[in-house]
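Coordinate inspection notes
One-letter residues, chain by chain:
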Amino acid sequence: MKLSKQFRELTAVNEVSFRVNKGEIFGLLGENGAGKTTTLRMLATMLQPTSGTAALAGFDLVTQPEQVRSCIGILFGGESGLYDRLTAEENIAYFGRLNNMREKQLRERIRELTHIFNMGEYICRKAGKLSKGMKQKVAFARSIVHNPDIMLFDEPTTGLDVSAIRNVHEFIMDCKSQGKTIILSSHTMSEVEKLCDRIGFIHKGRLVAQGSIEELQEQHQGKALEDIFVELAGENK
Amino acid sequence: MKLKHVWIVFKKEVKDIARDKRTLITNLFIPIILMPLLFALMGGGMEKMEEDIENITIALTAQSDTDEIHSLLENEIFAGYPNIKLNGSVEDPVEAVRQGEARFVLEVESNYADLLEQGKTYAITVHYDQSDTKSAGSLGILAQAIEDYSRKQVEKRLAAMNIDLEILRPVEIVHVNTADEKKSGNIMIMMMLPMLAAVLIAVGGIPAATDLVAGEKERGTFEPLLTTQAGRMSILFGKYLTVTLFAFVSVISQLIGITIGSTISPSFFTMANPGGEAGFFMPVGALLLSILTVIALGMVFAAIQLAISTIARSFKEAQTYLSFLIFIAMVPSYATMMMQPDDLQLYMFFVPLLNAIASLKMSLGGVINYTYLTIGLGTSLVYVILSLMLAAWMFNREKFLFRN
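These notes cover the structure that comes with them. (Residues numbered from 1 in each chain as written. Chains lettered and ligands numbered in written order. Predicted model: local features only at pLDDT ≥ 70, side-chain atom pairs only at ≥ 80, totals over all residues. Heavy atoms only, no water.)

**Description of the packing of helix H11 (residues 232-264) of chain B against helix H12 (residues 284-311) of chain B**
All names here are of chain B. Definition in use: Fitted lines through C-alpha atoms serve as axes, helices being fitted only where they are in contact, and the angles separating the N-to-C directions of these axes extend from 0 to 180 degrees. For the purposes of this entry, the term helix denotes a DSSP run of H or I that reaches at least four residues, the term strand denotes a run of E that reaches at least two, and both are numbered from the N terminus. Our angle categories are set so that under 35 degrees counts as roughly parallel, over 145 as roughly antiparallel, 65 to 115 as roughly perpendicular, and the remainder as oblique. Put simply, a crossing is left-handed when the front helix is turned counterclockwise from the back one by less than a right angle, and right-handed when it is turned clockwise. Here a residue-residue contact requires only that any non-hydrogen atoms of the pair lie within 4.5 Å. Each residue gets one label: Ala, Val, Leu, Ile, Met, Phe, Trp, Tyr, Cys and Pro are nonpolar, Asp, Glu, Lys and Arg are charged, and the others, such as Gly, are polar.
Packing of H11 against H12 brings their axes to within 9 Å, and their N-to-C directions diverge by 130°. One finds that H11 runs oblique with respect to H12. Note that H11 runs across H12; the crossing there is right-handed. The residues of H12 that touch H11, namely those facing Leu236, Lys239, Tyr240, Val243, Thr244 and Phe248, are Val294, Ile295, Gly298, Met299, Ala302, Ala303, Gln305 and Leu306. Broken down by class, the residue content of the contact of H11 with H12 amounts to ten nonpolar, three polar and one charged.

The structure is reproduced here in structure tokens:
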């Protein structure tokens, strides 16, 4: 797909190509500023690629952005990004409606998600009054309200405490168990090792290596993932 | 752009802002409470000032504090002025006026009766403080009273010499005020309303515009929103309608406040013409054209505010940038405040912002030129389209949307 993004003089993403199979978790591993978020933003059609394109669930992100958005869900790291003055239910419903869900279908889906994430106690409470953990669950529910086939996770555990990180990991594995295709960006080796089926090392906008953990270790004399990353980063200075 | 998505965004934003107590208090309740209070204080203050100016208490110098001078002042000079009263005497007239012990201190020449008898001039010295508004205001009344007395003495002297008074008055000025009594009462409204409308419209949408883009960026809700199936133009228009709506909610609540205020204290609007009636006297056509022009101005401001909010990295940055809009609105508003409808020039109806102010002023002033008003509306609609194009262009630019 040779996806590239140029910001004036800076090449943030340089001809990145990878394939993610259905039901697989693909990890984009790289340092801060390596181009992970820019790649995910392009895949989510928020940014227009300078050159190249990609197909998500068969839709081209340059020529069919709306169709692409219909089959992706996205979860960002850090703050959960909810509307504090809306209730948890209204937050979820807003995104469902903007994703063209019918009212009846939406009501049923919210009921289902309320049950899955055990949000019954606070679903009618304003988001601003919820605890961090509750907000996180609402954000999970919001990202999958329209039941997307593909999930994009952009450094989803950044700034979270241990139990919140655990919740995110469980959510990602749940998505996988439902057959969703997942792309996860992270700079945490252990997270990627724990969750991903395949990994792509991104460094200074270039995808310098990709494969399963076993494949990568095999190519680098059985070294640990961290050492492989350091080695690859050194080669591509 | 899909209308369904525009409507979803609009409904959500209205609900969200309507639940924000700060915005509601700032945009809705404070104007309704503050305006009447302001009018009551200003109107009441002005009424009190007028009353104080009319009720004059004067003191005499110690030398002038005699029964004869008392009689002269009370029975002759101020006989026709029941609001002017004598109140004691002072040793140092300058100090007494400076210290506010007396508004005026009068000193009458002690041999005034002899001088009057001899047909000569005698002096009445009036000590007053020009820097004191009441003292300066009352001086005219006092001078008028002395002038009337002086004229009567001239008449007596001329009559004694068998000379007709007319000889001293070869020309008489006859004043005929052709202004409609009601229209005169409209002057204050004509001065204030266009200025208030322009500034309030510029300010009204700022809280909503700040919250709807820069606020969303800061809270981290903006990026998930962009990944929904709603296109960017649908999101922008939903937000645009919300900002426009809240700008007008703010203006309407201010106008309600002004109406309540003018009912409580009508003297505020008639102070330019005491005794005149306050009210709006516009032909329906002019009223309609002016209202449409003002609505268009609100739409232009809403689009510009959203464009600015799009550029801003944070809520605070947006507030800083948007506050400049108030100054931009204030410059033409204050520059034309004292302008009369006759002074309005054709070019004013082409200039953004100025065209809405000029249209309102023209309609309120009652000197209607429908060609000018139509030009004002036409140019305003062009500016609505241009400002929307600017907002749409910025909303589609990655470098503005993802500046942080």
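**A short note on the nonpolar core**
Short version of the rule: Working definition of a nonpolar core: buried Ala, Val, Leu, Ile, Met, Phe, Trp, Tyr and Cys residues. They are joined through side-chain atoms within 4.5 Å. Remark: exposure states derive from per-residue accessible area (1.4 Å probe, protein chains only) relative to the maximum for the residue type, with buried under 20%, exposed over 50%, and partly exposed in between.
A:Phe18, A:Leu43, A:Ile92, A:Leu152, A:Phe153, A:Phe171 and A:Phe201 are the most contacted members of the largest nonpolar core, which has 138 residues in total. Of all hydrophobic cores here, the second largest spans 22 residues; its members include B:Ile77, B:Phe78, B:Leu106 and B:Leu115.

**Side note on unusual backbone geometry**
Residue and element names in this part refer to chain A. In this structure, Asn100 is a non-glycine residue whose phi angle is positive, near 65°. You can see Asn100 is positioned in the loop between helix H3 (88-98) and helix H4 (103-116). Positive phi, close to 40°, is recorded for Glu155, a residue that is not glycine. Note on placement: Glu155 falls in the loop between strand E7 (150-154) and helix H6 (162-177).

**Some words on the interface of chain A and chain B**
Worth spelling out the cut-off: The rule for a salt bridge is simple: a side-chain nitrogen of Lys or Arg has to be within 4 Å of a carboxyl oxygen of Asp or Glu. Each polar contact in these results corresponds to two N or O atoms within 3.5 Å; when the atoms are within protein, one needs to be able to donate a hydrogen and the other to accept it, and residues that are neighboring in sequence are counted only if both atoms are side-chain atoms.
The interface of chain A with chain B comprises 28 residues on the first partner and 29 residues on the second. Seen at the junction of chain A and chain B, the total is eight salt bridges. With its nearest N and O atoms 3.0 Å apart, the salt bridge here joins B:Lys2 to A:Glu66. At the surface where chain A touches chain B, the tally comes to 18 residue pairs in polar contact (both at pLDDT 80 or more). Of all the secondary structure elements, the ones that give two or more residues to the side of chain A that touches chain B are helix H2 (65-70), strand E6 (72-76) and H3 of chain A.

**Points about empty space enclosed by the protein**
Residue and element names in this part refer to chain A. Rules: Using protein atoms alone on a 1 Å grid, points that fit a 1.4 Å probe yet trap it form a cavity, whereas open point sets bounded by protein on both sides within 12 Å along at least five of seven lines form a pocket; residues with an atom within 4 Å of a point count as lining. Grid points are joined across faces, edges and corners, and a volume is the space filled by probe spheres set on the points.
Taken as a whole, this structure holds one cavity of 30 Å³ or more when the rule is applied. Considering only enclosed or pocket space, the largest cavity measures out at about 90 Å³ in volume. Tallying contributions element by element places E6 first for the lining of the largest cavity, with three residues. When the residues that make up the lining of the largest cavity are grouped by side-chain class, the tally is four nonpolar, six polar and two charged.

**Structural notes on the packing of helix H9 (residues 206-219) of chain B against helix H13 (residues 315-335) of chain B**
Packed helix pairs are characterised by how far apart their axes lie and by the angle those axes make with each other. Residue and element names in this part refer to chain B. Where H9 contacts H13, the two axes come as close as 9 Å, and the packing angle between them is 155°. Regarding the angle of H9 to H13, the classification is roughly antiparallel. Where H9 crosses over H13, the handedness of that crossing is right-handed. Side by side, H9 and H13 meet where Ile206, Ala209, Thr210, Asp211, Ala214, Gly215 and Glu218 of the first sit next to Phe315, Lys316, Ala318, Gln319, Leu322 and Ile326 of the second. Looking at the contact of H9 with H13 residue by residue, the classes come out as seven nonpolar, three polar and three charged.

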